[in-house]
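# Summary of structural features
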Amino acid sequence: MDRVVITTDSGERVEAVAPVVISASRATDIPAFYAEWFFRRLERGYCVWVNPFSKRKVYVSFLRCKVIVFWTKNPAPIMPYLHILDRKRIHYYFQFTINDYEQEGLEPRVPSLGCRVDTARRLAAMIGAGRVVWRFDPMLLTPSLTPHDLLARVWRLGNMMRGCTEKLVFSFVDVGAYRRVASNLRASCSLFAQAGVTSAEPSAGQRLELAVGLARMCDRWASDGWKIDLATCAEEDDLGAYGISHNCCIDGTLIERLFGNDPELVYYLHSGKLPLPDAGGHMSVMPLARRSLKDRGQRKACGCMVSKDIGMYSTCGHLCAYCYANGSRMTVERNMAAHNPGGESLCG
């Protein structure tokens, strides 16, 4: 990732990373809660990301940014700002999670299901269905929510989402791998006994039942004229026999398909660097072979290309019971109270 020198709000000259692709964000819901902050920082030209482990400040410049991938459960607050990105010729698309756990109360502060579907319709009408990736993420079970019940909800929701997206991405909740998931489920949800929270995680047989059911749904939708691709997020199960691919959420192939009329971006996707015009202003010859840009900082099963995430853990106000990115409710509320829309970083 390239580095540039920037001038901070306080007048200090510092070195900043200058990513071509920015993730906003795997760690929190910037579109839902921090849209004003994001666009203030975009106008200022940089933001600060704080490493969650070392607490080291990293300056992130927008100077060379060409693509922003938004992750959200409620893009409505950011939609009035999107014209600014269009004006700046910065491309973007959305990973839009729409689950149906209303009966279980697992997502206490997301808008109603009907409101979220309406937002998906408006967003797709604004930017195109190809730039709205629908995520049902994660898929989890409760003592009363069986795989059959969950599939019925996806079917109902999908019929409401017809035409709003061209891709459905799903994953299975991973309770064992994330202590925060187990503790948040226990603290936030009365559906599980203290010792039974791991029952939220589908077994191998249940994962297959869910995957096959989803594949059949997509086949049915395709037969009715709605072509929707199906993919898993960071799952090691090989479901290719059912037409289910391993997703790249920050996806170079999708980016090239959506924004292939930007030659500098396409050059970057093939070479890993932006082109340097020669003395006559001509761009470098496009590489024939495409270089692997896999993000090695992500999990092994993650197919995402390299990007820079600018989010912060324990700052998402949705307070979903299965969340791996939030600590306790008290921590989240403290961090959100510390947020300054004019600040360099999300908090502090």
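The paragraphs below set out a description of the structure included in this document.

Reading guide: rules and limits
Residues numbered from 1 in each chain as written. Predicted model: local features only at pLDDT ≥ 70, side-chain atom pairs only at ≥ 80, totals over all residues. Heavy atoms only, no water. Helix = DSSP H or I, 4+ residues; strand = E, 2+ residues; numbered from the N terminus. Buried < 20%, exposed > 50% of the residue type's maximum accessible area, 1.4 Å probe, protein only. Contact = heavy atoms within 4.5 Å. Axes fitted to C-alpha atoms, helices over the stretch in contact; angles between N-to-C directions. Parallel < 35°, antiparallel > 145°, perpendicular 65-115°, else oblique. Left-handed = near helix turned anticlockwise from the far one by under 90°. Nonpolar A, V, L, I, M, F, W, Y, C, P; charged D, E, K, R; others polar. 1 Å grid on protein atoms, 1.4 Å probe; cavity = no way out; pocket = protein on both sides within 12 Å on 5 of 7 lines; lining within 4 Å. Points joined across faces, edges and corners; volume = space filled by probe spheres on them. Salt bridge = Lys/Arg side-chain N within 4 Å of Asp/Glu carboxyl O. Pairing = 2+ DSSP bridges. Phe/Tyr/Trp six-rings, centres within 6.5 Å; stacked < 30°, edge-to-face > 60°. Lys NZ or Arg CZ within 6 Å of the ring centre and 35° of its normal. Core = buried A, V, L, I, M, F, W, Y, C linked by side-chain atoms within 4.5 Å. Arc of directions from axis to C-beta. Polar contact = N/O pair within 3.5 Å; in protein donor to acceptor, adjacent residues only side chain to side chain.

## A word on the environment of Cys218
With respect to the helices and strands, the residue Cys218 is situated in helix H7 (residues 204-223). Assessed through its relative accessible area of 6%, Cys218 is described here as buried. Placed 163 residues apart in sequence, Cys218 and Lys55 show a C-alpha to C-alpha distance of 44 Å. Setting aside residues up to four positions removed in sequence, Cys218 forms contacts with Ile228 and Leu230.

## Quick look at the packing of helix H4 (residues 113-127) against helix H5 (residues 147-161)
Packing of H4 against H5 brings their axes to within 10 Å, and their N-to-C directions diverge by 40 degrees. Taken together, the axes of H4 and H5 lie oblique to each other. The element H4 and its partner H5 pack so that their crossing is right-handed. Facing Leu113, Val117, Ala120 and Arg121 of H4, the residues of H5 in contact are Arg156, Leu157, Met160 and Met161. A breakdown of the residues in the contact of H4 with H5 according to their chemical character gives 6 nonpolar, no polar and 2 charged.

## As for empty space enclosed by the protein
Evaluation of the coordinates by the stated rule reveals 1 cavity of 30 Å³ or more. Roughly 50 Å³ of internal volume is contained in the largest cavity. The wall of the largest cavity is formed by Val48, Trp49, Val50, Ile310, Gly311, Met312, Ser345 and Leu346. Residue composition of the lining of the largest cavity, grouped by class: 6 nonpolar, 2 polar and no charged.

## Describing the pattern of salt bridges
For the coordinates displayed, the defined rule picks out 21 salt bridges. Linking Asp9 and Arg41 is a salt bridge whose minimum nitrogen-to-oxygen distance equals 3.1 Å. Within this pair, whereas Asp9 is found in the loop between strand S1 (3-7) and strand S2 (13-17), its partner Arg41 is found in helix H2 (residues 35-44), the two being separated by 32 residues in sequence. In this structure, a network of salt bridges that share partners links the residues Lys73, Glu102, Glu107 and Arg116.

## Section: the pairing of S2
Working note: regular strand, side chains alternate between the two faces of the sheet. With 5 bridges joining them, S1 and S2 adopt antiparallel strand pairing. Bridge pairing in S2 places Val4 opposite Ala16. Here S1 folds back onto S2, and the loop between the two strands holds 5 residues, one of which, Gly11, carries a positive phi near 90 degrees.

## Structural notes on the pairing of strand S4 (residues 46-50)
Where burial is concerned, most of S4 is hidden: 4 out of the 5 residues are buried. From the end of S4 to the start of strand S5 (residues 57-61), which pair antiparallel, there are 6 residues, and Lys55 there has a positive phi angle of about 65 degrees.

## Considering the packing of helix H8 (residues 252-259) against helix H9 (residues 263-271)
When two helices pack together, their arrangement is given by the angle between the helix axes and the distance between those axes. Contact geometry for H8 and H9: axes closest at 10 Å, N-to-C directions at 160 degrees. With respect to H9, the element H8 is oriented roughly antiparallel. Note on packing geometry: the crossing formed by H8 with H9 is left-handed. Note on element contacts: H9 touches H8 through Leu265, Val266, Leu269 and His270, opposite Gly252, Ile255, Glu256 and Phe259. Residues that form the contact of H8 with H9 fall into these classes: 5 nonpolar, 2 polar and 1 charged.

## As for the packing of aromatic side chains
For the structure shown, the criterion picks out 14 aromatic pairs. Measuring from ring centre to ring centre gives 5.4 Å for Trp155 and Trp221, while their planes differ by 5 degrees; the resulting arrangement is stacked. With Trp155 in helix H5 and Trp221 in helix H7, this pair connects stretches of sequence that are 66 residues apart. The class for Trp221 is buried, based on a relative accessible area of 0%. Positioned above the aromatic ring of Tyr92, the side-chain terminus of Arg131 is 4.4 Å from the ring centre. Directly above the ring of Trp49 sits Lys308, whose terminal nitrogen or CZ lies 3.4 Å from the centroid.

## A look at the sheet that holds strand S7 (residues 91-97)
Hydrogen bonds between backbone atoms are what pair the strands of a sheet, whose relative direction is either parallel or antiparallel. As summarised here, the arrangement of the 8 strands in space is S11-S10-S9-S8-S7-S6-S3-S12, forming an open sheet in which the pairing is parallel. Two strands close off the open sheet at either side, each with one partner strand: strand S11 (245-246) and strand S12 (308-309). One ladder, built from 2 bridges, connects strand S3 (residues 21-24) with S12; its direction is parallel. Its bridge partner lying in S12, Ser23 is registered against Asp309.

## Observations concerning the nonpolar core
Among the nonpolar cores identified, the biggest contains 80 residues, and Phe38, Ile68, Phe70, Leu82 and Met139 are the most heavily contacted of them. Residue contributions to this core peak at 7 residues, all from H7. Among residues more than four places away in sequence, those in contact with Phe38 are Ala24, Ile30, Phe62, Ile68, Phe70 and Ile310.

## Let's talk about H8
Of the positions making up H8, those classed as buried are Gly252, Leu254, Ile255 and Phe259. Looking straight down H8, one finds that the buried residues subtend no more than 160 degrees of arc, so they occupy a single side. Turned more than 90 degrees away from the buried face of H8 sit Thr253 and Arg257, all of them exposed. Against the buried residues of H8 lie strand S6 (67-72), S7, strand S8 (132-139) and H9. The N-capping residue of H8, defined by a side-chain oxygen 2.9 Å from the backbone nitrogen of Thr253, is Asp251.

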